[in-house]
There are 2 protein chains.
Amino acid sequence: MALIVQKFGGTSVGSPEKILNVANRVIEEKARGNDVVVVVSAMGKTTDELVSLAERITSKPSKREMDMLLTTGEQVTISLLTMALLEKGYPAISLTGWQAGMETEAIFGNARIMDIHTNRIANELKEGKIVVVAGFQGATKDGEITTLGRGGSDTTAVALAAGLKAEKCDIYTDVTGVYTTDPRYVKTARKLLSISYDEMLELANLGAGVIHPRAVEFAKNYQIPLEVRSSMEAESGTIIEEEGRMEQNLVVRGIAFEDNITRVTVLGLKNQRASLSTIFTTLANNHLNVDIIIQSRTDRDTTDLSFSIHSKDLNDTLKVLKDNKELLYFDNVQYESNLAKVSIVGSGMVSNPGVAAQMFEVLAEQNIDVKMVSTSEIKVSTVVDEGEMVKAVEALHDAFELAGMPVKS
Amino acid sequence: MALIVQKFGGTSVGSPEKILNVANRVIEEKARGNDVVVVVSAMGKTTDELVSLAERITSKPSKREMDMLLTTGEQVTISLLTMALLEKGYPAISLTGWQAGMETEAIFGNARIMDIHTNRIANELKEGKIVVVAGFQGATKDGEITTLGRGGSDTTAVALAAGLKAEKCDIYTDVTGVYTTDPRYVKTARKLLSISYDEMLELANLGAGVIHPRAVEFAKNYQIPLEVRSSMEAESGTIIEEEGRMEQNLVVRGIAFEDNITRVTVLGLKNQRASLSTIFTTLANNHLNVDIIIQSRTDRDTTDLSFSIHSKDLNDTLKVLKDNKELLYFDNVQYESNLAKVSIVGSGMVSNPGVAAQMFEVLAEQNIDVKMVSTSEIKVSTVVDEGEMVKAVEALHDAFELAGMPVKS
């Protein structure tokens, strides 16, 4: 008898009727003879509604009190799902984060998990119960309620799978798996049977959005196999696991893309040791995220520096640069909007040095200008005109032989 | 510096705006130099909404899971009120039932308080904080979340006042105090300055409805003075305390009444030792509450028995009696609906044996038939025609000299 951890997100538990459906998915797993621990998020828009209640009280809520407020969301879901399981005749019990032994550091709003005291869950499993745990939340040693912040419920599920030595952690979501690229844009996109942790991390960071990178990192560290699958459809999903186990080793596993990119170029930056760190520290302090960075020394004393940002941050970025012009020592700022980022991801690249070259060749054949490039061991990202994004993705998808059977939509 | 416990019910915290108003009432008390512990209920209709979510899942929810579900209501309120206090510049902290040290027995849905571990609250008060505690909830020794059932938040407030040796417990509500009778019906009703625990218990059980009898009992046991007062208006309310402290000892302190009463008469009940207990045990097992009971032996072998019920329970009561006719051995059942109960309450009655007689005299002068009578040491209840209820109350209110300045409405 194996132990399976299942995670259902907010959309999957958005109404009592959907919760009854989730109960059926849980019971299927239990009926296969497995022990089951279920992790759930708050129902649908609950978190947003709680945040807007707080906003009617204060514009700068205490983080401790926000955690006190928001953790009620998952607590509602665990009780309702447990009622649904009991109604269908299966012994079950709900546990809040603190009852489940999820011990975190004393950082409100974004706590890291310090320890998982699994004895309570283990005892309930031993009694044959399905255990339903509130995602996203924990408590400090002193009994203060905390939330895990980014990737909350995904992280709870993977951490419990690690702590309980589960065979597998299933992430149920509103898509059927991880695709070679976004099937809404590319008809020939197909679902991957498997993908490595590292590849998934690159895809997740690039906006594939089915599972939070923090949970993937956790799974990688503890070698927990994940499966991303649909909460509505029975078909199997995509397994995320260590490289070696996979049945095939494609050079390129998937193609990620996002639009609304702006390239900002700072001209005539004085060549001082501190200038690069100063400019990016200043932007970070103003909560402006910079993605690709390219530095090109133009002469002995000055540098031109380009970086990409999300277009929504353009005005703030220009203001911060202008406000700090004297501190930063530069001549001028230019920018180009309406750009997009297109990235190929695959762990096979490490041993295939020609992959980046092949990518540029494919884009050149399509007469697509490459405006910026950034590479990692398993990824090559390019910035192109927004209008050419889909054409670029389709050409790369064909060239790297990712196309398969069209996906049902 | 004294310690004051304040309790605000669901109507008082029904919206973020009302919660900001409650924060002002809390701050006024703190500004007088007192330590303050605040107990709050769930916002407005929250509990009803949570119950109806559960009803969409199951018709017979697990009590443990209902407690898990319902306790989120107060947790939302404590966080929002604490945010409001912080926003207004006052150090404050929210505590759930288990964080506040409210230890209960392991009975879900209706747990009794076993112990209050006040060290956490005491430490927070020592640091100068206003402590905001979730009413209605606690936890067992093993960390299971429970609710206190009937009179929940009132009971939490009084129990904390007892555990913390508070000087006083203020029950803020949507009325300005306890009245000699219902001012919506009797123009000359006036607010009482004070009332004894026992008198309040009789009035509360009779439907005055401003504070739960269980909380009054608790306050009596621990000799905690209560004040019932308005959360919207500044005027002082009604003090509930031990008899001896009060400034006056009226024979009758107040007049309670309720309509929708039905008298059921069971005719020809066989005189067997067990028949009375069988009949009322059978009704209780079917969750039918019986109020006044009158037995009159008519001959050696049979008895006629009358009892009063709420009219909404009439059909169920008749069905239960009919279904158990063979078990109960009786000839026939009659009933009379459209009746009302009118009661006079006052601890002065103990030493004034003529009070009941005076009541009957007043009703006779008004040509009001008395259909049932029930007495306790500090109460006389009569059942009359519903159409004569208000006339009876007004006549008694005058006769016992309860009238004072008309109350502003």
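Predicted model only: the values in this text are computed from it and were never measured. (Residues numbered from 1 in each chain as written. Chains lettered and ligands numbered in written order. Predicted model: local features only at pLDDT ≥ 70, side-chain atom pairs only at ≥ 80, totals over all residues. Heavy atoms only, no water.)

1. Thoughts on the domain arrangement of chain A
Part 1 of the reasoning: Its domain assignment divides chain A into domain 1 (3-174) and domain 2 (255-399).
Part 2 of the reasoning: Placing the centre of domain 1 of chain A and that of domain 2 of chain A at their C-alpha centroids yields a distance of 38 Å. (Domains from an automatic or database assignment.)

2. Focus on the sheet that holds strand 1 (residues 3-8) of chain A
Residue and element names in this part refer to chain A.
Part 1 of the reasoning: Read from one edge of the open sheet, 8 strands run 3-6-2-1-9-11-12-10, paired in mixed fashion. The sheet terminates laterally at strand 3 (92-95) and strand 10 (194-196), the two strands that pair on one side only. Strand-to-strand, the axes of this sheet are offset by a mean angle of 20 degrees, without reference to chain direction. (Pairing = 2+ DSSP bridges. Helix = DSSP H or I, 4+ residues; strand = E, 2+ residues; numbered from the N terminus. Axes fitted to C-alpha atoms, helices over the stretch in contact; angles between N-to-C directions.)

3. Remarks on the relation of the copies chain B and chain A
Part 1 of the reasoning: If you rotate chain B by 180 degrees and push it 0.1 Å along the axis, it lands on chain A with an RMSD of 0.1 Å. Considering both components of the superposition, the chain copies are consistent with a two-fold axis. Distance from the rotation axis, computed per C-alpha, reaches its smallest value in chain B at B:T72: 2.7 Å.
Part 2 of the reasoning: Same-surface contact between copies: 100% of interface residues of chain B are shared with the interface of chain A. (Least-squares fit on C-alpha atoms with pLDDT ≥ 70 in both. Contact = heavy atoms within 4.5 Å.)

4. Quick look at the sheet that holds strand 9 (residues 168-173) of chain B
All names here are of chain B.
Part 1 of the reasoning: Taken in spatial order, the 8 strands of this open sheet run 3-6-2-1-9-11-12-10, and their pairing is mixed. Each having just a single partner strand, strand 3 (92-95) and strand 10 (194-196) make up the two edges of the open sheet. Each strand axis lies, on average, 20 degrees off the axis of its neighbour in the sheet, ignoring direction.
Part 2 of the reasoning: As defined by bridge partners, strand 3 adjoins strand 6 (residues 130-134) across 4 bridges and the pair is classed as parallel. Among the inter-strand pairings, A92 is bridged to a residue of strand 6, identified as I130.

5. Side note on the packing of helix 2 (residues 46-55) of chain A against helix 3 (residues 63-87) of chain B
Part 1 of the reasoning: Closest axis-to-axis distance for the helix 2 of chain A/helix 3 of chain B pair is 10 Å, and the angle between their directions is 30 degrees. Crossing of helix 2 of chain A against helix 3 of chain B: the hand is right-handed. When helix 2 of chain A is examined against helix 3 of chain B, the residues A:L50, A:L53 and A:A54 are found in contact with a partner set consisting of B:V76, B:L80 and B:M83.
Part 2 of the reasoning: Split by residue class, the contact of helix 2 of chain A with helix 3 of chain B holds 6 nonpolar, no polar and no charged. (Left-handed = near helix turned anticlockwise from the far one by under 90°. Nonpolar A, V, L, I, M, F, W, Y, C, P; charged D, E, K, R; others polar.)

6. Regarding the interface of chain B and chain A
Part 1 of the reasoning: Contacts between the two partners involve 43 residues from chain B and, on the opposite side, 43 residues from chain A.
Part 2 of the reasoning: For the pair chain B and chain A, the summed buried surface comes to about 3400 Å²; carbon and sulfur atoms form 64% of the total.
Part 3 of the reasoning: Our enumeration of links across chain B and chain A arrives at 6 salt bridges.
Part 4 of the reasoning: Between A:E87 and B:K60 there is a salt bridge, with its nearest N and O atoms 3.4 Å apart.
Part 5 of the reasoning: At the surface where chain B touches chain A, the tally comes to 17 residue pairs in polar contact (both at pLDDT 80 or more).
Part 6 of the reasoning: Broken down by secondary-structure element, the contributors of at least two residues to the side of chain B that touches chain A are helix 1 (16-31), helix 2 (46-55), helix 3 and strand 3 of chain B.
Part 7 of the reasoning: With 17 residues, the single largest contributor to the side of chain B that touches chain A is helix 3 of chain B.
Part 8 of the reasoning: For the side of chain B that touches chain A, the per-class residue count stands at 22 nonpolar, 12 polar and 9 charged. (Buried area = accessible area lost by both parts, 1.4 Å probe. Salt bridge = Lys/Arg side-chain N within 4 Å of Asp/Glu carboxyl O. Polar contact = N/O pair within 3.5 Å; in protein donor to acceptor, adjacent residues only side chain to side chain.)

7. A word on helix 7 (residues 213-222) of chain B
Part 1 of the reasoning: Residues of helix 7 of chain B that are buried: B:P213, B:R214, B:A215, B:V216, B:F218 and B:A219.
Part 2 of the reasoning: A positive backbone phi angle near 55 degrees is found at B:Q223, which sits one or two residues after helix 7 of chain B. (Buried < 20%, exposed > 50% of the residue type's maximum accessible area, 1.4 Å probe, protein only.)

8. Re the side chain of B:E124
Residue and element names in this part refer to chain B.
Part 1 of the reasoning: In this fold, E124 is placed in helix 4 (residues 119-126).
Part 2 of the reasoning: Owing to a relative accessible area of 7%, E124 belongs among the buried residues under this scheme.
Part 3 of the reasoning: Among the polar contacts made by the side chain of E124, one reaches the side chain of K129 at a distance of 3.0 Å.

9. Considerations on the pattern of salt bridges
If the charged atoms of two oppositely charged side chains come close together, the side chains can form a pair.
Part 1 of the reasoning: Under the counting rule described, the total for this entry stands at 58 salt bridges over all chains.
Part 2 of the reasoning: B:E124 is paired through a salt bridge with B:K129; the nearest N and O atoms lie 3.0 Å apart. Like B:E124, the residue B:K129 is buried in the burial classification.
Part 3 of the reasoning: Taken together, the salt bridges that share partners define one network made up of A:R64, A:E65, A:E144, B:R120, B:E124, B:E127 and B:K129.

10. Considerations on the environment of A:V13
Residues and elements named next belong to chain A.
Part 1 of the reasoning: Along the polypeptide, V13 turns up in the loop between strand 1 and helix 1 (16-31).
Part 2 of the reasoning: As a C-alpha pair, V13 and G44 span 31 residues in sequence and 6.7 Å in three-dimensional space.
Part 3 of the reasoning: Once residues within four sequence positions are removed from consideration, V13 is found in contact with F8, K18, I19, V22, V40, S41, A42, M43 and T77.

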